[in-house]
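A look at the structure
One-letter residues, chain by chain:
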Amino acid sequence: YIKKIVNAFNIATFEKEGYEADDLIGTIVKKISSPDIQTVIITGDKDMMQLVSERVVLLDTMKNKTTGPGEVMERFGITPGQLPDIFGLMGDKADNVPGVLGIGEKTAVALIKQFSSIENLFKNITSVKTEKLRNTLLKFKKEAEMSKKLCTIDTDAPVAGPDKIWTGGLDDFKTRESDLEKLRNIFKELEFSKFTKELTPQKKISYEQYQLIATPEALQKLTNNLKQVKEFAVDLETTGLNPLLAEIVGVAVAYEEHQAFYIPVAHCYEGAPIQLPRQLVLEELREALENDRIKKIGQNIKFDLMILKRYGINLNGVFEDVMLASYLLNPLKRNHNLEEIARDYLGHQIITYEDVTGTGRKQIGFDQVPVEQAKVYSAEDADAAFLLHNILKPRLVKEKLMDLFEQIEMPLVRVLADMEMSGIKIDKDFLRGLSDEFSERLKITRQKIYELSEGEFNIDSPKQLQVILFERLKLPVQKRTKTGFSTDSDVLAVLAPIHELPALILEYRSLAKLKSTYTDGFLELINPQTGRVHTSYNQSITATGRLSSKEPNLQNIPIRTDDGKKIRRAFIPEPGSIFISADYSQIELRILAHLSGDDVLVNAFKKGEDVHIHTAMEIFNVSADLVTTEMRRLAKTINFGIIYGMSAHGLSQELKINYEVAQEYIDHYFQKYQGVRSYLEGVIEESHRQGVVRTLFDRPRPLPDINSPNINSRNFAERTAVNSPIQGTAADIMKIAMIKIYQALNEAHLKTKMILQVHDELVFEVPPKEEKQILHLVKKEMEGCVKLKVPLKIDLGRGLNWAEMEPVKLESV
């Protein structure tokens, strides 16, 4: 990428395989032999001092220091040409140059001053005064001669210029215009937003036809036009980013390219013009907004949908979210905000939120932004969304992503909006009690740590912890970092069996995170109006298609520890209701069976066998009644390890067995499941050809490193190629199930609400009288949403909190 960027800037480059940059620079310096040309080498490398002459100087830009012959003589007392002899004797650890053991700069300088060169030194070795130094030099003669050769810059290298072998002319060095299109594409690929912004023309969208709607007559005319169009973009400006608390400040719409309208309703700065009442505007817009035959376009349209619903308006005809369209076209891109997408597809730098509100302490709310300024900003957002829709839709068609977009991603927007608005109740008293418990345990753990450390220190400081662990307690160093020795969780886990302190540090960190992130964090996130927490689900973050959640993140709550499970205990239904949970059983293994068509695996699932016991039977060659709990655990690890492309090395670490045994397990697995082996080999082979893998529903997962010359990058890409179609298909199936359940709940006019989605699990808040109906409905929709070669199965549970869900068998309901 460095080469690509330099070439796109049209900066002259010189390279030759087998030669170092020092050699090429030395050759260039030598060939530019004209006495009237002063050459400056930009470097801080002392090896380059040997090139210094009356017409060649070094410039260290980091120290703002210039080095010429005088500076070399002042420091070493020799000529620049003798420096390779100095370096040959003293060596250079940074460049792996051995030199002569025990000789430093002072001795090396003295010897070369006396003998002029290494060759002359060894010719006159008897003239070296001390016997010890003489013997050392003779012992390391070969190293000294080799080191001098290594440190001598080759000034006769065959330098290759941009187009040909360089012959010594200066024309190749001339500055040229950069290739902006190449640079833009590279920076977009690398997501260098700041650089891309600097390259992007500031204005490609015309603002001339942006109109401010400030009178009832103008509003009436606009709404009449909106009722006649097939589609329009809508964008709300609000007092904040929380859709459950923010108030509408203005509404922007666009139904033709480069034409947009802004309706201010709540700008309240001093001197603000009179604006149309918010409720009047919304009522006028209601018919167009709620008409499902008129298609609506937006950027993160879920936000607008939720805001409008709070004002009593159902945004129907939600057709395209350009954020989701951009995400499907480039799932590896980290950010799909309007600014980024407009730069990528319109080549236009839109006005940013910070451009109109400022930043930091001086930032103002949008209701303080002058109306005329708000008009251009907001109208541009609506206009950009409309323009992007016309560009992105054909690309979705071309990439065969329209089915995924129209049948899964866009219908899911409304489902998630309702789930977020519903939220989930938190037992505040229980959470406060748990926070107090964690505080007390932290206090006790902290005291134990101080006792073992023989003094108090900042436990959260890696530097102070390094001193305690590796200097005071003399524990073995596991990993080095730029700032010393690592004290991360992996290191502490290795050290825990050796000493009690690392285990206590791990316990302390776990408790501190549970308290700050969950018990205290959740209490802060309770909505003051609803008394519930409302997570925000994001469809455009993960490359696999899985949903992510934030504020709070409900998908990272640790559930393998007792303390983690206690956090889930705080999630409760409203009084009089219950929780019902539905969890897909071994969905990724079932998808593997479907995609691979492996007869053994398919038949095991069709017969309803425990697939981990079945794998244990196959690997250990025993009957079902002889499979122990440990055998099943090993088989389960192997089953899921195969899905994630786990190697024998990874399996050996996971199971704490030696590499040969782990490889034997994997070999035995593939002997029994030959269909799985063929499928995985085919996926990897295809990924190398195509550079992308896809789910059962054509969701793409690009693999930019699949043909990387770096073996670690390539191996990681291959593991991703194996896992992504499986994990991505599981995510797609969950989304389809959510859409079908949501539709079924609405069609049956049930009061039950789908309130949580975490990995392969859904949680519902259910009135008791609907319990039986919901259990059957959820089972039907989740198990029947997709037809695979093997049956989909769910495990059902019921309870009065999320942690304590009793298994439910439908036969008993």
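Since this is a predicted model, take the numbers as computed values, not measurements.

What counts and what doesn't
In every chain, residue numbers begin from 1 and rise along the written sequence. The model is predicted, so local features are restricted to residues of pLDDT at least 70 and side-chain atom pairs to those at 80 or more, both for listing and for counting; the totals for chains, interfaces and linings are taken over all residues. The side-chain figures draw on all heavy atoms in the structure; neither hydrogens nor water molecules are used. The secondary structure listing takes helices from DSSP runs of H or I that are at least 4 residues long and strands from runs of E that are at least 2 residues long, numbered from the N terminus. Here, residues are in contact when the closest pair of their heavy atoms is within 4.5 Å. Here the accessible surface of atoms and residues is derived via Shrake-Rupley with a 1.4 Å probe, and residues count as covered only by protein chains that are part of the display. Note that His is not counted, nor are the chain ends; the positive residues are Lys and Arg, and the negative ones are Asp and Glu. Every charge is mapped to an atom, namely NZ of Lys, CZ of Arg, CG of Asp or CD of Glu. Any two strands between which DSSP finds at least two bridges are classified as paired. Under the pairing criterion, centres of Phe, Tyr and Trp rings, with the six-membered ring standing for Trp, must be within 6.5 Å; the plane angle then separates stacked pairs below 30 degrees from edge-to-face pairs above 60, leaving the rest tilted. Note on exposure labels: buried denotes an accessible area under 20% of the residue type's maximum, exposed denotes more than 50%, and partly exposed covers the range between, all computed with a 1.4 Å probe on protein chains only. For a lysine, the NZ atom is tested; for an arginine, the CZ atom; a charge sits over a ring if that atom is within 6 Å of the ring centre and within 35 degrees of the ring normal. Any Lys or Arg side-chain nitrogen found within 4 Å of a carboxyl oxygen on Asp or Glu counts as a salt bridge. Only the stretch in contact is used when a helix axis is fitted, and all axes are lines through C-alpha atoms; the angle between N-to-C directions ranges over 0 to 180 degrees. Residues enter a nonpolar core if they are buried and are Ala, Val, Leu, Ile, Met, Phe, Trp, Tyr or Cys, with the set joined through side-chain atoms within 4.5 Å. Put simply, angles under 35 degrees are roughly parallel, angles over 145 are roughly antiparallel, angles from 65 to 115 are roughly perpendicular, and the rest are oblique. A clockwise turn of the near helix away from the far one marks a right-handed crossing, whereas an anticlockwise turn of less than a right angle marks a left-handed crossing. Gly is put with the polar residues, along with every residue not named as nonpolar or charged; the nonpolar set is Ala, Val, Leu, Ile, Met, Phe, Trp, Tyr, Cys and Pro, and the charged set is Asp, Glu, Lys and Arg. Each residue gets a pLDDT score, which is the predictor's confidence in that residue and runs from 0 to 100. Polar contact is defined as a pair of N or O atoms within 3.5 Å, subject to the rule that within protein one atom must be able to donate a hydrogen and the other to accept it, and that residues adjacent in sequence are counted only when both atoms are side-chain atoms. Regarding the arc, it is the one traced by the directions from the helix axis to the C-beta atoms.

**As for the overall build of the chain**
Scanning the chain from terminus to terminus reveals 32 helices and 23 strands. Summarising the internal contacts of the chain: among those between residues at least 6 apart in sequence, 64% fall at separations of at least 24. Taken as a whole, the chain presents about 40,700 Å² of accessible surface, with 50% of it coming from carbon and sulfur. Separation between the mean location of the 106 positive side-chain charges and that of the 116 negative ones in the chain comes to 2 Å.

**Observations concerning the sheet that holds strand β13 (residues 532–533)**
Strand order in the open sheet formed by 3 strands is β13-β10-β16, and the pairing between neighbours is antiparallel. The sheet terminates laterally at β13 and β16 (571–572), the two strands that pair on one side only.

**A few points about the packing of aromatic side chains**
Tallying each qualifying case throughout the model produces 18 aromatic pairs. Each ring, one from F187 and one from F192, has its centre 6.0 Å from the other, and the planes form 35°; the classification is tilted. On the accessibility criterion, F187 (4% relative accessible area) is buried. Ring geometry for F192 and F195: centres 5.7 Å apart, planes at 85°, overall edge-to-face. Residue F192 is classed as partly exposed on the basis of its relative accessible area of 32%. For the cation-ring pair, K4 lies above Y1, with the distance from its terminal atom to the ring centre recorded as 4.7 Å. Taking NZ or CZ as reference, K295 lies 4.5 Å from the ring centre of F319, over its face.

**Observations regarding the pairing of strand β7 (residues 259–264)**
Counting buried positions along β7 yields 6 of 6 residues, so the element is predominantly enclosed. Of the two faces of β7, the one lined by Q259, F261 and I263 and the one lined by A260, Y262 and P264 are each fully buried. In the sheet, strand β6 (residues 248–256) pairs with β7 via 5 bridges, with the strands oriented antiparallel. Paired with E256 across the two strands is Q259, which belongs to β7.

**Side note on the pattern of salt bridges**
The full count for this structure, using the stated rule, is 43 salt bridges. Between E372 and K375 there is a salt bridge; the shortest N-O distance is 3.4 Å. With E372 and K375 both in helix α17 (residues 371–398), this residue pair falls 3 residues apart, about one helical turn. Among the ionic pairs, E681 bridges to R677, the shortest N-O distance being 3.9 Å. Note that E681 and R677 are positioned in helix α30 (residues 674–690) at a spacing of 4 residues, about one turn of the helix.

**Points about the environment of V790**
Here V790 lies in the loop between α32 (771–784) and β22 (794–799). The class of V790 is buried, set by a relative accessible area of 2%. Separated by 182 residues in the primary sequence, V790 and G608 have C-alpha atoms spaced 9.6 Å apart. Ignoring anything within four residues of it in the chain, the contact list for V790 reads R590, A593, V602 and F605.

**Details of the sheet that holds strand β17 (residues 578–584)**
Spatially, β20-β21-β17-β22-β23 is the arrangement adopted by the 5 strands of the open sheet, whose pairing is antiparallel. Edge positions in the sheet fall to β20 (753–758) and β23 (806–808), since each of these pairs with one other strand and no more. The sheet shows a mean angle of 30° between the axes of neighbouring strands, direction not considered. Of the pairings in the sheet, the one linking β17 to strand β21 (residues 761–766) comprises 6 bridges and is antiparallel in character. Following the sheet pairing, S581 is matched in β21 by V763.

**A short note on the nonpolar core**
In terms of nonpolar packing, the biggest core is built from 194 residues, with F232, I263, F571, Y584, M738, V778 and M782 touching the most fellow members. With 15 residues, helix α31 (residues 711–747) is the single largest residue contributor to this core. Beyond its immediate chain neighbours, meaning those up to four positions away, M782 contacts A582, Y584, M734, A737, I741, L762, L792 and I794. Membership of the second largest hydrophobic core comes to 33 residues, among which are F76, L89, V109 and I125.

**Digging into the side chain of S724**
Of note, S724 is situated in helix α31. For S724, the residues in contact, after removing those within four places along its chain, are T544, V693, T695, R701 and T729.

**Some thoughts on the packing of helix α28 (residues 648–655) against helix α29 (residues 659–672)**
In a packed pair of helices, the relevant descriptors are the angle between the two axes and the axis-to-axis distance. Closest axis-to-axis distance for the α28/α29 pair is 8 Å, and the angle between their directions is 110°. One element, α28, and the other, α29, form an angle in the roughly perpendicular class. Crossing of α28 against α29: the hand is right-handed. Contacts between α28 and α29 involve A648, H649, L651, S652 and L655 from the first element and Y659, A662, Q663, Y665 and I666 from the second. In terms of residue class, the contact of α28 with α29 is made up of 7 nonpolar, 3 polar and no charged.

**Let's talk about the confidence of the model for the chain**
This prediction gives the chain a mean pLDDT of 91; 98% of its residues lie at or above 70. When mean pLDDT is taken per element in the chain, strand β5 (residues 231–238) scores highest with 98 and helix α10 (residues 193–199) scores lowest with 78.

**Here we look at the side chain of D383**
Relative to the assigned elements, D383 resides in helix α17. Leave out the neighbours within four places in its chain, and D383 touches I205, S206, Y210, A254, E256, E257, H258, Q259 and A260.

**Examining unusual backbone geometry**
Both trends apply: most residues other than glycine have a negative phi, and most peptide bonds are in trans. Cis peptide bonds are those with omega within 30 degrees of zero, and the linkage from E551 to P552 qualifies with 0°. In this fold, P552 is placed in the loop between β15 (548–550) and α23 (562–569). A positive phi angle is found at E191, which is not glycine, with a value near 60°. One can find E191 in the loop between α9 (180–190) and α10. Here the phi dihedral of H749 falls at roughly 55°; this positive angle occurs in a residue that is not glycine. By relative accessible area, H749 is classed as exposed at 71%.

**Quick look at the packing of helix α24 (residues 587–596) against α30**
It is the contact of α24 with α30, at a shortest axis distance of 9 Å, that shows an interaxial angle of 80°. When the axis of α24 is compared with that of α30, the two are roughly perpendicular. Every residue of α30 that contacts α24 at L592, L595 and S596 is listed here: G675, V676 and Y679. Here the contact of α24 with α30 is composed, by residue class, of 4 nonpolar, 2 polar and no charged.

**With respect to helix α26 (residues 611–620)**
Burial analysis of α26 places 7 of its 10 residues in the buried class, the great majority of the element. The elements touched by buried residues of α26 are α24, α25 (599–606), α27 (629–643) and α29. For α26, the side-chain oxygen to backbone nitrogen distance between the N-cap and H612 is 2.9 Å, and the N-cap itself is D610. Two residues or fewer past α26, N621 is found with a positive phi of approximately 55°.

**So, helix α5 (residues 105–115)**
If you check which residues of α5 are buried, you get A108, V109, L111, I112 and F115. Projected down its long axis, α5 shows its buried positions confined to an angular sector of 165°, all on one face. Projecting away from the buried face of α5 at angles above 90 degrees are the exposed residues K106 and K113. Once α5 ends, the next one or two residues include S116, with phi positive near 75°.

**Concerning the pairing of β17**
Here β17 lies mainly inside the structure; 6 of its 7 residues are buried. Here 6 bridges tie β17 to β22, and the two strands are oriented antiparallel to one another. By the bridge assignment for β22, A582 is matched with L796.

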